[in-house]
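Fold and geometry: a report
Residue-level listing of the chains:
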Amino acid sequence: MELNEFYLSQISDVMKLMYNRGLVQVRGGNVSIFDKSRNVIYISPTGVPRHKISNNDVSVIDLNGNVIVGFPSSEWRMHLSIYKEVKDAIAVVHAHPPYLLALMRSHKKLDLDYLTETSLRISCLDEVPLIKPGTQELADAVANSAKKGCNAIILDNHGVVAYSNETIYHALEIIEAIEDLAIIQ
């Protein structure tokens, strides 16, 4: 299978951006792009330091989770669940933003109307309880939130996941806006 260099570069670029912004740890977080023309998903790899990811590291899976290339993130089920539930989703970004996590641990809710960026970029913000990462149970919980029309979902004690029907950079903008709001609050 010939790989799409544009998608490969976007995956590696967004992972580096998230690492440099402090939204993920050296081996944390994951991103994906759904190539609808081929029914495959380009997804960040497991085990590769986020600041060193290259196009050659990016994995590819099909809609059943079968690996075509590489070693996909352990959160591949969560990504698939969003693409299956939200027919127009084309990109998913999952991060571990520290200020958001601290705010959630203090039992405070984000006020999306507090910042223009969050009120414009986030259709709905939902939360799922603490569920073991990488499991089908977490993927199902995220899918249920996405079914409500929520393009951003807080994962208790874990992080946040966002999807976009525009670009992977738009999904990243959603994550950044949430973390900026958490910092301000």
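See the structure shown above.
Overview of the structure. Computed from a predicted structure; not experimentally measured.

Definitions and limits used
- Every chain is numbered independently, its residues counted from 1 as its sequence is written.
- Restriction of local features to residues with pLDDT of at least 70 applies here, the model being predicted, together with a cutoff of 80 or more for giving and counting side-chain atom pairs; totals for whole chains, interfaces and linings are based on all residues.
- Here the side-chain values reflect all heavy atoms present in the structure, with hydrogen atoms and water set aside.
- Between rings of Phe, Tyr and Trp, where Trp is taken as its six-membered ring, a pair exists when centres lie within 6.5 Å; planes separated by under 30 degrees are stacked, by over 60 edge-to-face, and by other angles tilted.
- In DSSP terms, a helix is any run of H or I states spanning at least four residues, a strand is any run of E spanning at least two, and both are numbered starting from the N terminus.
- Defined by distance alone, a disulfide is two cysteine sulfur atoms within 2.5 Å.
- Only protein chains enter the area calculation, which uses a 1.4 Å probe; residues under 20% of their type maximum are buried, those over 50% are exposed, and those in between are partly exposed.
- Whenever Lys or Arg places a side-chain nitrogen within 4 Å of a carboxyl oxygen from Asp or Glu, that contact is recorded as a salt bridge.
- By this definition, two strands are paired if DSSP reports at least two bridges between them.
- With axes taken as lines fitted to C-alpha atoms, and helix axes fitted only over the stretch in contact, angles between N-to-C directions fall between 0 and 180 degrees.
- Working rule for helices: expected span equals 1.5 Å times residues minus one.
- Note on contacts: a residue pair is in contact if any heavy atoms of the two residues lie within 4.5 Å.
- Between 65 and 115 degrees an angle is taken as roughly perpendicular, under 35 as roughly parallel, over 145 as roughly antiparallel, and anywhere else as oblique.
- Note that Gly is not counted as nonpolar here; it falls among the polar residues with everything else outside the nonpolar set of Ala, Val, Leu, Ile, Met, Phe, Trp, Tyr, Cys and Pro and the charged set of Asp, Glu, Lys and Arg.

**Quick notes on the packing of aromatic side chains**
Given two aromatic rings, their pairing is described by the distance between the two centres and the angle made by the two planes. If you walk through the whole model with that rule in mind, you get three aromatic pairs. Each ring, one from F6 and one from Y7, has its centre 6.1 Å from the other, and the planes form 45°; the classification is tilted. With 5.3 Å between their ring centres and 45° between their planes, F34 and Y83 make a pair best called tilted. Note that F34 is positioned in strand β1 (residues 30–35) and Y83 in helix α2 (residues 76–85), a separation of 49 residues in sequence.

**Regarding the state of the cysteines**
Using the criterion set out here, one finds one disulfide in the structure. Here C124 pairs with C150 through a disulfide, and the sulfurs are 1.9 Å apart. Within this pair, whereas C124 is found in the loop between α4 (116–121) and β6 (125–128), its partner C150 is found in the loop between α5 (136–147) and β7 (152–155), the two being separated by 26 residues in sequence. With a relative accessible area of 0%, C150 lands in the buried category.

**Some words on the pattern of salt bridges**
A complete count under the given rule lists five salt bridges for this structure. The salt bridge involving R21 is made with D180; its shortest N-O contact spans 2.2 Å. Placement of the pair is R21 in helix α1 (residues 5–21) and D180 in helix α6 (residues 168–184), with a sequence separation of 159 residues. Residue classification places R21 among the partly exposed residues on the basis of a relative accessible area of 35%. According to the relative accessible area criterion, D180 is partly exposed, its value standing at 30%. Through salt bridges with shared partners, one network takes in R21, E176 and D180.

**Description of the sheet that holds β6**
Each strand in a sheet pairs with another by means of backbone hydrogen bonds, the pair being arranged parallel or else antiparallel. Strand order in the open sheet formed by eight strands is β4-β3-β2-β1-β5-β8-β7-β6, and the pairing between neighbours is mixed. In this open sheet, the two strands that pair with only one neighbour each are β4 (67–69) and β6. Mean inter-strand twist for the sheet, computed between neighbouring axes without regard to direction, equals 20°. Pairing between β1 and strand β5 (residues 91–95): four bridges, direction antiparallel. Considered in β5, the bridge of N30 is made with H94.

**Let's talk about α5**
The end-to-end C-alpha distance of α5, which contains twelve residues, comes to 16 Å, matching closely the 16 Å that a straight helix rising 1.5 Å per residue would cover. Among all positions of α5, only L138, A139, A141, V142, A143, S145 and A146 are buried. The inward-facing, buried residues of α5 abut α2, β6, β7 and β8 (159–164). Following α5 by one or two positions, G149 has its phi on the positive side, about 95°.

**What about the packing of α1 against α6?**
Where α1 meets α6, the axes come as close as 11 Å, and the angle between the chain directions of the two elements is 10°. As far as their axial angle goes, α6 and α1 are roughly parallel. Residues Q10, I11, D13, V14, L17, M18 and R21 of α1 lie in contact with α6, whose contacting residues are I168, Y169, L172, E176 and D180. Among the residues making up the contact of α1 with α6, the classes are represented as seven nonpolar, one polar and four charged.

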